[in-house]
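# Structure at a glance
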Amino acid sequence: MAARSVVIVGAGQAGSDTAAALRSHGFDGRVTLVGEEPWLPYQRPPLSKAYQAGTVGQEELELRPASFYADQRIELLRGDRAVKIDRELRTLLLDSGRTLPYDALVLATGARPRALPVPGAQRPGVLALRGLDDAEALRQQLAGAERPLQVVVVGAGFIGLEVAATARELGHHPTVVEALPRVLARAVSPVMSDWLAAEHRRRGTALLLRREVVALHGAGTGDGPVQVVELDGGTRLPADLVVVGIGVLPNVGLAVEAGLNVGDGVLVDEQLRTSDPAIHAVGDCARFPSVHAGRPLRLESVQNASDQARTVAAVICGEPAPYRALPWFWSQQFTLRLQIAGITAGHDEAVTAGDPEQGRFSVFCFRHGRLVGVESVNRPADHGIARRLLAAGPDLTPEEVAAPGFDLKRRTAQPV
Amino acid sequence: MARITYKHPNGTETVLEVPAPNTVMRGAKINNVVGIEAQCGGSAQCGTCHVYIDEACTVSLPEMADDEDEVLYGTASPRRDSSRLSCQLQISDALDGLVVHLPERQS
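Residues numbered from 1 in each chain as written. Chains lettered and ligands numbered in written order. Predicted model: local features only at pLDDT ≥ 70, side-chain atom pairs only at ≥ 80, totals over all residues. Heavy atoms only, no water.

## Digging into the overall build of chain B
Basically, it comes down to this: Each helix is a run of DSSP H or I of at least 4 residues and each strand a run of E of at least 2, with the numbering of both proceeding from the N terminus. Radius of gyration here uses only the C-alpha atoms, and the compact-globule reference equals 2.2 Å multiplied by the residue count raised to the power 0.38. Whether a residue is buried, partly exposed or exposed follows from its accessible area with a 1.4 Å probe, protein chains only, as a fraction of its type maximum: under 20%, in between, or over 50%, in that order. Throughout, a residue-residue contact means that at least one pair of heavy atoms, one from each residue, lies within 4.5 Å.
Tallying secondary structure elements over chain B gives two helices and five strands in all. Start at the N end of chain B and walk to the C end: the helices and strands fall as β-β-α-β-α-β-β. In summary, chain B has a C-alpha radius of gyration of 12 Å against a globular reference of 13 Å for 107 residues, a match within 12%. Seen through its C-alpha atoms, chain B measures out along the principal axes to roughly 30 × 30 × 25 Å. Scored against the burial criterion, the 107 residues of chain B give a buried share of 56%. Of the contacts made within chain B by residues no fewer than 6 positions apart, 65% connect residues no fewer than 24 positions apart.

What follows is the structure, encoded as structure tokens:
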């Protein structure tokens, strides 16, 4: 039986897109979108970049205007929180006391920043970056500073490197501390990590690899503002501001309490169903079987949130199709536009094409001779073509990429 | 403000009065027009807001920047001479009467 009432928990990219996609699919029943934050659903990617630089304001972050939700008959409950799922009665209890009945429930609860597990991590001046509140707190520090600040960024993932680049562009002095031997270790090839690290250093960012933060010190005994970051081995870095970007934890509390299967994320099948067929999970909080990685994955990206939203809407509307969209990611650091197509982790051969010295190149990653992903810097054509190739089943060989004069654009240019 | 016509692959069309400041992409998104994805939010990264400008349409459009040209190599539906990224088309009075065709697929 088709669902008549869909409740979506979480009003980020995945939740908001699910609501929109249900209507695009012609779903005519009730759609309720529950979000903890007071804002209209917004885009997160600019928070670490354009929002800090001041080129994008809050209104431009909005995914859709307020009128959209009214026009599409989507009941948007802002500033409310889901507290309990009753699977037997098929109801969701909210913090406000409201109870929402559902035929289909979609968990789009997202993730929260992992806290730095060291003494002093609660001091003022230690920030994480996930939501608009966090971004505004960071913006006030970075853009509002009257002098260049010593900014210590913990973690050289996407958030860490983007914040460091933004801080540098605003005239501050960032130091990035990373426990692993290379930057973006989970996301890109060693070749790309090394190239990016050199670029950050060349532009004035200090980058400390294989180093761990052991304590944050400040004025006063425990609650004074942070002043010093202590690393393993006793190194002490002066800090006006500390930004922690050491990954996220999926928000699985509701699912755990409801007795759903949970691992690192809410476990779902290819149709994004949890262990209860009336409950789905999408976006950052969902762990799904990936045909591209050949294993279960949890992805934190706009592409994944948006494409899973469309898949789950189709499933709820009775047009089930497995989720097999090709993963892709982007990041902007200084003038470097990094784009990744596919999942490059686990590759055993990497071939570079283009011109790394000019800052325009792509790294083609192969596993057992088969293309699994392409990482591009300032080569949007390579990225787009790679996405098409990877989705279709690539026929590109490492030898072909390594041959002199190889140009993906020429090889696969579509007839105009 | 500009009147923009979005023609769907199935022959139907959606006509919208889109106020500035907006782009042709955002005009579609805020009205839930199916066929424009714009996953990157309009930063010319993803090529999922691809449109074909109607051949008979005489509205003059801004020149294509290098970024847009590059991204158009990777669109899911074939690139044609009339291809543009709708996120790069800023709404202004000059765009009034623009007619765009939505491709079969965006991703």
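## Structural notes on the environment of R87 of chain A
Residue and element names in this part refer to chain A. Selection criterion: Polar contact is defined as a pair of N or O atoms within 3.5 Å, subject to the rule that within protein one atom must be able to donate a hydrogen and the other to accept it, and that residues adjacent in sequence are counted only when both atoms are side-chain atoms.
Counting through the fold element by element, R87 comes out in the loop between β4 (82-86) and β5 (91-94). Given a relative accessible area of 30%, R87 falls into the partly exposed group. Setting aside anything within four residues of it in sequence, one finds R87 in contact with Y102, A258, G259, L260, D276 and I279. A polar contact is formed between the side chain of R87 and the backbone oxygen of A258, at a distance of 2.8 Å.

## A short note on the packing of helix α1 (residues 13-24) of chain A against helix α9 (residues 302-316) of chain A
All names here are of chain A. Defined as follows: Fitted lines through C-alpha atoms give the axes, limited to the stretch in contact for helices. The angle between two N-to-C directions lies from 0 to 180 degrees. It is the rotation of the near helix from the far one that decides the hand of a crossing: anticlockwise by less than a right angle makes it left-handed, clockwise makes it right-handed. Polar here means any residue outside two lists: the nonpolar Ala, Val, Leu, Ile, Met, Phe, Trp, Tyr, Cys and Pro, and the charged Asp, Glu, Lys and Arg; Gly therefore counts as polar.
Two numbers describe how α1 lies on α9: the axes approach to 8 Å, and their chain directions differ by 35 degrees. Where α1 crosses over α9, the two elements pack in a sense that is right-handed. On α9, the residues that touch Q13, A14, D17, T18, A21 and L22 of α1 are V302, A305, S306, A309, R310, V312, A313 and I316. Its residues assigned to classes, the contact of α1 with α9 shows nine nonpolar, three polar and two charged.

## Observations regarding the interface of chain B and chain A
What counts, and what does not: Defined in terms of a 1.4 Å probe, buried area is the accessible area two parts forfeit on being brought together, summed over both. Should a side-chain nitrogen of Lys or Arg be within 4 Å of a carboxyl oxygen of Asp or Glu, the pair is scored as a salt bridge.
Contacts between the two partners involve 28 residues from chain B and, on the opposite side, 33 residues from chain A. Across the chain B to chain A interface the summed buried area is about 2,400 Å²; carbon plus sulfur atoms make up 42%. At the boundary of chain B with chain A, the tally comes to four salt bridges. Salt-bridge contacts for E70 of chain B lead to K409 of chain A; the nearest nitrogen and oxygen are separated by 2.8 Å. Linking chain B with chain A are 15 residue pairs in polar contact (both at pLDDT 80 or more).

## Looking at the sheet that holds strand β15 (residues 236-238) of chain A
Residues and elements named next belong to chain A. Note the following rule: Criterion used throughout: strands pair if DSSP finds at least two bridges between them.
An order of β13-β14-β15 is seen for the three strands of this open sheet, with the pairing classed as antiparallel. Pairing within the sheet leaves two strands with one partner each, and these edge strands are β13 (213-218) and β15. For this sheet, the mean angle separating the axes of adjacent strands, direction not counted, is 25 degrees. The pairing of β13 with strand β14 (residues 226-231) spans five bridges and is antiparallel.

## A closer look at α1 of chain A
Residues and elements named next belong to chain A. The condition that has to hold: Take the number of residues in a helix, subtract one, and multiply by 1.5 Å to get its expected span.
Taking 1.5 Å per residue as the helical rise, α1 with its 12 residues ought to reach 16 Å, and the 16 Å between its terminal C-alpha atoms agrees with that figure. Within α1, 11 of the 12 residues are buried, which leaves the element mostly enclosed by the surrounding structure. Buried within α1 we find Q13, A14, G15, S16, D17, T18, A19, A20, A21, L22 and R23. Buried positions along α1 lie against β1 (5-9), β2 (30-35), α4 (66-71), β3 (74-78), β7 (104-107) and α9. Trailing α1 by a residue or two, G26 shows a phi angle of about 90 degrees, which is positive.

## Regarding the domain arrangement of chain A
All names here are of chain A. Applied cut-off: Boundary definitions for the domains trace back to an automatic or database domain assignment.
Partitioning chain A into domains gives domain 1 (5-112 + 248-316), domain 2 (126-244) and domain 3 (335-412). Taking only C-alpha atoms, the centre of domain 2 and the centre of domain 3 are 30 Å apart. The partner domain 3 presents 17 residues to the 13 residues of domain 2 that form the contact. For the domain 2 and domain 3 pair, buried surface summed over both sides reaches about 1,000 Å², with 73% attributable to carbon and sulfur atoms. Contact with domain 3 buries area across many residues of domain 2, yet S189, M192 and W195 alone supply 48% of it, more than any other trio.

## Here's the deal with the sheet that holds strand β4 (residues 83-85) of chain B
Consider a sheet: its strands pair through backbone hydrogen bonds, and that pairing is either parallel or antiparallel. Residue and element names in this part refer to chain B. Reading across the sheet, the five strands line up as β2-β1-β5-β3-β4 and stay open at both edges, with mixed pairing between neighbours. Only two strands of the sheet have a single partner each, and these edge strands are β2 (13-18) and β4. If you compare each strand with its neighbour and ignore which way they point, the axes differ by 35 degrees on average. Pairing of strand β1 (residues 2-7) with β2 involves six bridges; the strand directions are antiparallel. Opposite R3, over in β2, you have E17 as the bridge partner.

## Focus on the pairing of strand β21 (residues 286-290) of chain A
Residue and element names in this part refer to chain A. Burial analysis of β21 places four of its five residues in the buried class, which makes it a mostly covered element. Judged from the two bridges that link them, strand β19 (residues 265-267) and β21 form a sheet pairing that is parallel. Residue pairing for β21: L267 is matched across the bridge by R287. Pairing analysis gives three bridges linking β21 to strand β22 (residues 295-297), with the strands arranged antiparallel. Across the sheet, residue S290 finds its bridge partner in β22, namely R295. The loop that links β21 with its antiparallel partner β22 comprises four residues; one of these, G294, has a positive phi angle of about 70 degrees.

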